[in-house]
Amino acid sequence: METKEEVEELTVTKHKGWKAMPYVLGNETFEKLGSTGMLSNLIVYLTTVFHMKQVDAAILLNVFSGTTNLAPVVGAFLSDSYFGRYATLGFACVATFLGMLLVTLTAGIPRLHPPHCKSLNLAGTGCIGPSQSQLAFLLGGLAFLVVGAGGIRPCNLAFGADQFNPKTESGRKGINSFFNWYYFTFTSMMMVSLTIIVYVQVSVSWTLGLAIPTTAMFFSCVCFFLGTNIYVKIKPEGSPFTSLAQVFVACIKKRKLKAVSQPEKELFDPPHTSLLNSKLHHTDQFRFLDKAATRTPEDTLNEDGLSPTNPWRLCSNQKVEEAKCLLRVIPIWSSTVIFYMALSQQTTYAVLQAMNMDRHIGKHFQIPAGSFIVVSMLALTLWLPLYDRVIVSAVRRITKQDGGITLLQRMGIGLVLCVISMVVSGIVEARRRRLAVSEGILMSSLWLIPQFAIAGLAEAFNIIGQVEFYYKQFPENMRSVSGSFLFLGMAAGNYMSSLFVSVVHKTTGHGRHENWLNENLNHGRLDFFYYVIAGCGVVNFVYFIFFARWYRYKGADSGNQVAEIGMKTMNSGASHV
């Protein structure tokens, strides 16, 4: 039953809840169908239609993916500070549609892509690469896609949750159900894109294969704007970074002050009045920031006695603790960079692996190389309900944790599975290369299934754990920013992957040694490349354990409750990695 206060809250803002979901989920469904269908097979498009070298295509794709994942940080800031989620999403959807349209035109108009190799009839000269104007037109389309991703990724999940009243029981249940539907549509559309649309692109026509996702994105825009009169549009409350900046500036100004001996009594801590952010108690980590809340004779208060006249010199303990929340998350976040660098290989060199394997099923059907990533999505989709309904219930009886295991444990398991995926990738590649070089046999591409499936399980543990971790550990007024942190990690991983590919390509292959990333994979040592990434993953896991043991969850009473993540179990598991 909803209380009197909850009912009164409904009269302030009329949340339409599920009435808005056909438009929100319709927008999300078509957007994911469009964006995934456009980008999942991009490396094949760059190497076969634009005739780019494999290394150049991999670097371009990693830089593009990194920029696409970095843009949500800017989009989240603009949304929370100035425009609001509705305006940001609307603009981003239109930008994404325009970007897809430009990329589709590069396939449909002959002058916008290099000529086909067969039409050259110039023996020994190879294929002609893209001209500067052709490449500029393609990059223009990708730039629009970056702008679109910057607005859609940090806002679409939060915007959908905005349609429910979080202060009522029905609203809270609606939010939980919306999250489930969100991930269902996400994975479903991913699998459709990675199978049907990729097949059309490779086997029928690139023009048609790119026009389908562009059309889907058009319908995504239509669905979004049709619900304009129904949506709850929460107004921005100003930059959440301002209070963070005030804490650091005040701390610098008072850097010569001595730390207080009784912070609970001596720090400036007025009554908590925010209706959005939860009250945070003092914690003993990052004690140097406490100086920002230390009141001196020079610090004066306004007439209400609750706020300082100069917030750039004196901050409340609440603001200081919110800044500490962000600083605590950063080491955990940084451990995901190597994780994403490893996963990015599944959309680049794993696809190139597939192109050098026997992808036939029967006599007439050939699996598109870009479709193998659907194995990861299928593993994730099948694992989640099993994990949620069966495994969590069983583990909960042992650990007494609501989620069976803690969020940091879940993320740690994902890191271990990612290392295993890289090791398996290296083993499969070594065998593929040996059969191709010594016996002239094309290895069945079905041997790629294990590495993709393990990578999917790694995503199920680590990435979904990240989403919930950031959502709960960030201050409530930074929810859009917390959503962008996931993509910021992806961006860093993509950039790291691009740098790593470039370094390996330039430092190997001298003298009689083989270049690990040779254009012809049979002449390279891609397996060594995978093993090095796996080694980086092991070091990264040790780094994660150290900071996971140190981490304290937001809201721990008096800062004395260390995050109980059960790392003893993980420590014993680390010796087997």
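Keep in mind the model is a prediction, meaning the values are calculated, not measured. (Residues numbered from 1 in each chain as written. Predicted model: local features only at pLDDT ≥ 70, side-chain atom pairs only at ≥ 80, totals over all residues. Heavy atoms only, no water.)

**Concerning the overall build of the chain**
Along the backbone of the chain there are 18 helices and two strands. For the chain, with 577 residues in total, the buried portion stands at 53%. Long-range pairs, those at least 24 residues apart, make up 80% of the contacts in the chain with a sequence separation of at least 6. (Helix = DSSP H or I, 4+ residues; strand = E, 2+ residues; numbered from the N terminus. Buried < 20%, exposed > 50% of the residue type's maximum accessible area, 1.4 Å probe, protein only. Contact = heavy atoms within 4.5 Å.)

**Remarks on the pattern of salt bridges**
Throughout the structure, instances matching the rule amount to 14 salt bridges. Residues Arg287 and Asp290 are paired through a salt bridge, measuring 3.0 Å at the closest nitrogen-oxygen approach. The exposure class of Arg287 is partly exposed, given its relative accessible area of 31%. Linking Lys324 and Asp290 is a salt bridge whose minimum nitrogen-to-oxygen distance equals 3.0 Å. Note that Lys324 is positioned in helix α10 (residues 317-334) and Asp290 in the loop between α9 (263-266) and α10, a separation of 34 residues in sequence. Taking relative accessible area as the criterion, Asp290 reaches 3% and is therefore assigned buried. Look at the salt bridges and you will find they share partners, linking Arg287, Asp290, Glu321, Lys324 and Arg328 into a network. (Salt bridge = Lys/Arg side-chain N within 4 Å of Asp/Glu carboxyl O.)

**Points about the packing of helix α15 (residues 449-473) against helix α16 (residues 479-507)**
In contact at an axis separation of 9 Å, α15 and α16 are set at 155° when each is read in the N-to-C sense. By the angle between their axes, α15 is roughly antiparallel relative to α16. As α15 packs across α16, the resulting crossing turns out to be right-handed. On α16, the residues that touch Ile463, Gln466, Val467, Tyr470 and Tyr471 of α15 are Arg479, Ser482, Phe485 and Leu486. (Axes fitted to C-alpha atoms, helices over the stretch in contact; angles between N-to-C directions. Parallel < 35°, antiparallel > 145°, perpendicular 65-115°, else oblique. Left-handed = near helix turned anticlockwise from the far one by under 90°.)

**Remarks on the nonpolar core**
Counting 135 residues, the largest nonpolar core has Tyr349, Phe469 and Phe529 as its most contacted members. No other element matches the 16 residues that helix α4 (residues 54-108) contributes to this core. Ignoring any residue separated from it by four or fewer positions in sequence, one finds Tyr349 in contact with Val55, Ala58, Val501, Leu517, Leu526, Phe529 and Tyr530. (Core = buried A, V, L, I, M, F, W, Y, C linked by side-chain atoms within 4.5 Å.)

**Description of the packing of aromatic side chains**
In this structure the tally under the stated criterion is 35 aromatic pairs. Here the aromatic rings of Phe159 and Phe224 are separated by 5.9 Å at their centres, their planes lie at 50°, and the arrangement is tilted. Taken together, the residues Phe159 in helix α5 (residues 132-162) and Phe224 in helix α7 (residues 206-226) connect sequence positions 65 residues apart. Phe224 carries the same exposure label as Phe159, and that label is buried. Taken together, a centroid distance of 5.3 Å and an interplanar angle of 80° make the contact between Phe224 and Phe225 edge-to-face. (Phe/Tyr/Trp six-rings, centres within 6.5 Å; stacked < 30°, edge-to-face > 60°.)

**Concerning α15**
An ideal rise of 1.5 Å per residue puts 36 Å on 25 residues; α15 measures up with 35 Å between its terminal C-alpha atoms. Remark: the principal bend of α15, roughly 30°, maps to Glu459. (Expected span 1.5 Å × (residues − 1). Bend = angle between axes of the 7 residues up to and from the residue.)

It is worth stressing that arrangement in space is one thing and function is another; only the former is reported here.
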